[in-house]
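Chains, contacts and geometry: an overview
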Amino acid sequence: MKKKDIKILLVDDEQDILEIVGYNLSQEGYQIVTATNGKEAITKAKKELPQLIIMDVMMPEMDGMEACENIRKLPELSNVIITFLTARSEDYSQVAGFDAGADDYITKPIKPKLLVSKVKALLRRLKNEEQNTETLNVGGIEINREEYKIIKEGKEIVLPRKEFELFYLLASKPGKVFKREEILDKVWGNEVIVGGRTIDVHIRKLREKIGEDLFKTIKGVGYKLEV
């Protein structure tokens, strides 16, 4: 997908943030749409069908967390990439952001060039998704990369995008030992700067959501993880 065809929805109640971020991304050739609160973000997302949503957390009328959860429920936006851009840097806020369905969590302040690099890394996944539609079947578990679905014993396990991509990566290479640096590169992109705790949080959430029995099944067919 070409840059001119990529639409980015910026959501923030501070006009200067919308202007600065919007200007830098529009200079890269992306289409920019803006909203000033969570409710407006949902309306704009339904209408514009963006490929990426960059959203603040603390906003009037509806905050970013609730807006993210609502957007994730919309079938027409099931593949949209969502990242928070916020001054909230606490660990619990980041965990809440991932639980709400976000793909990434970026803290303010951030230099425009670094933000652009992060956006490029996030959007690279659009190309990867177009190229990779494989379905994996491992240990009685079906992992559908195209539809972002995990089926175990006829039941669907729903995971946020980043957790799914991490799980898919582990399942795609039986017997392979994955190092932290490789996971960051494959799942987050080598232009995205995230801490090691990000992987730890996602691994913990995966264990909670899919269950220890599923992780044991993975290990039972030769999976290892070095983190």
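Residues numbered from 1 in each chain as written. Predicted model: local features only at pLDDT ≥ 70, side-chain atom pairs only at ≥ 80, totals over all residues. Heavy atoms only, no water.

**Details of the packing of helix α6 (residues 161–172) against helix α7 (residues 180–188)**
Where α6 contacts α7, the two axes come as close as 10 Å, and the packing angle between them is 125°. On the basis of their axis angle, the class for α6 and α7 is oblique. The hand of the α6/α7 crossing is right-handed. Within the contact between the two elements, α6 uses Lys 162, Glu 165, Leu 166 and Leu 169 and α7 uses Ile 183, Lys 186, Val 187 and Trp 188. Split into classes, the residues belonging to the contact of α6 with α7 amount to 5 nonpolar, no polar and 3 charged. (Axes fitted to C-alpha atoms, helices over the stretch in contact; angles between N-to-C directions. Helix = DSSP H or I, 4+ residues; strand = E, 2+ residues; numbered from the N terminus. Parallel < 35°, antiparallel > 145°, perpendicular 65-115°, else oblique. Left-handed = near helix turned anticlockwise from the far one by under 90°. Contact = heavy atoms within 4.5 Å. Nonpolar A, V, L, I, M, F, W, Y, C, P; charged D, E, K, R; others polar.)

**Topic: the UniProt feature "modified residue: 4-aspartylphosphate" (unreviewed entry) in the protein**
Sites flagged by UniProt as "modified residue: 4-aspartylphosphate" (unreviewed entry) map to Asp 56. The topology assignment puts Asp 56 in the loop between β3 (52–55) and α3 (64–72). Not counting chain neighbours up to four residues away, the residues in contact with Asp 56 comprise Val 11, Asp 12, Asp 13, Gly 64, Phe 84, Leu 85, Thr 86 and Lys 108. (UniProt positions renumbered as here; feature names shortened; annotations may be inferred.)

**What to know about the environment of Lys 162**
With respect to the helices and strands, Lys 162 occurs in helix α6. Exposure remark for Lys 162: the relative accessible area of 1% places this residue in the buried category. Between the C-alpha atoms of Lys 162 and Ile 199, which are 37 residues apart in sequence, the distance is 9.9 Å. At 3.3 Å, the side chain of Lys 162 and the backbone oxygen of Asp 103 are in polar contact. (Buried < 20%, exposed > 50% of the residue type's maximum accessible area, 1.4 Å probe, protein only. Polar contact = N/O pair within 3.5 Å; in protein donor to acceptor, adjacent residues only side chain to side chain.)

**As for the pairing of strand β8 (residues 149–152)**
What you see with β8 is a clean split: Ile 150 and Lys 152 sit on the buried side and Lys 149 and Ile 151 on the side with no burial. What sits between strand β7 (residues 141–144) and β8 in their antiparallel hairpin is a turn of 4 residues, with Tyr 148 showing a positive phi close to 55°. For β8 and strand β9 (residues 155–157), the ladder comprises 3 bridges, and the chain directions are antiparallel. From the neighbouring strand, Ile 151 faces β9, where its bridge partner is Glu 156. (Pairing = 2+ DSSP bridges.)

**Points about the packing of aromatic side chains**
Enumeration over the complete set of coordinates arrives at 2 aromatic pairs. Judged by centre distance (6.2 Å) and plane angle (20°), the ring pair of Phe 164 and Tyr 168 falls under stacked. With Phe 164 and Tyr 168 both in helix α6, this residue pair falls 4 residues apart, about one helical turn. No difference in accessibility class separates Phe 164 from Tyr 168, as the two residues are buried. (Phe/Tyr/Trp six-rings, centres within 6.5 Å; stacked < 30°, edge-to-face > 60°.)

**Let's talk about unusual backbone geometry**
The amide bond that connects Lys 108 to the next residue, Pro 109, takes the cis arrangement and shows omega of -5°. Examined against the element boundaries, Pro 109 turns out to sit in the loop between β5 (104–107) and α5 (112–131). A positive phi is found at Leu 49, a non-glycine position, where the angle reads about 50°. Tracing the sequence through the fold places Leu 49 in the loop between α2 (38–48) and β3.

**So, the nonpolar core**
Burial of nonpolar side chains together is a common tendency in soluble globular proteins. Leu 9, Val 11, Ile 53, Met 55, Ile 71, Ile 82 and Phe 84 are the most contacted members of the largest nonpolar core, which has 25 residues in total. Elements supplying a minimum of two residues to this core: β1 (7–11), β2 (31–35), α2, β3, α3 and β4 (81–86). A per-element tally of this core places α3 first, with 4 residues. With residues near it in sequence (within four places) discarded, Met 55 still touches Val 11, Ala 41, Gly 64, Ala 67, Cys 68, Ile 82, Thr 83, Phe 84 and Leu 85. Ranked by size, the runner-up nonpolar core spans 23 residues in total, among them Ile 157, Leu 159, Leu 166 and Leu 170. (Core = buried A, V, L, I, M, F, W, Y, C linked by side-chain atoms within 4.5 Å.)

**Here's the deal with the confidence of the model for the protein**
For the protein, per-residue confidence averages 82 on the pLDDT scale, and 83% of positions sit at 70 or higher. Across residues 220–224, confidence stays below pLDDT 50; counting only partners more than four residues off in sequence or on other chains, it has 15 contacts. (pLDDT = per-residue confidence, 0-100.)

**Remarks on helix α4 (residues 91–99)**
Considered for burial, the residues of α4 that qualify are Ser 93, Val 95, Gly 97 and Phe 98. Note on α4: the residue one or two positions beyond its end, Gly 101, has a positive phi of about 115°.

**As for the pattern of salt bridges**
For side chains of opposite charge, pairing can occur when their charged atoms come near one another. For the structure on display, the rule yields 13 salt bridges. Its salt-bridge partner being Lys 120, residue Glu 28 comes within 3.3 Å of it at the nearest N-O pair. You can see Glu 28 sitting in the loop between α1 (15–26) and β2 and its partner Lys 120 sitting in helix α5, a full 92 residues away along the chain. Residue class for Glu 28 comes out partly exposed when judged on its relative accessible area of 26%. (Salt bridge = Lys/Arg side-chain N within 4 Å of Asp/Glu carboxyl O.)

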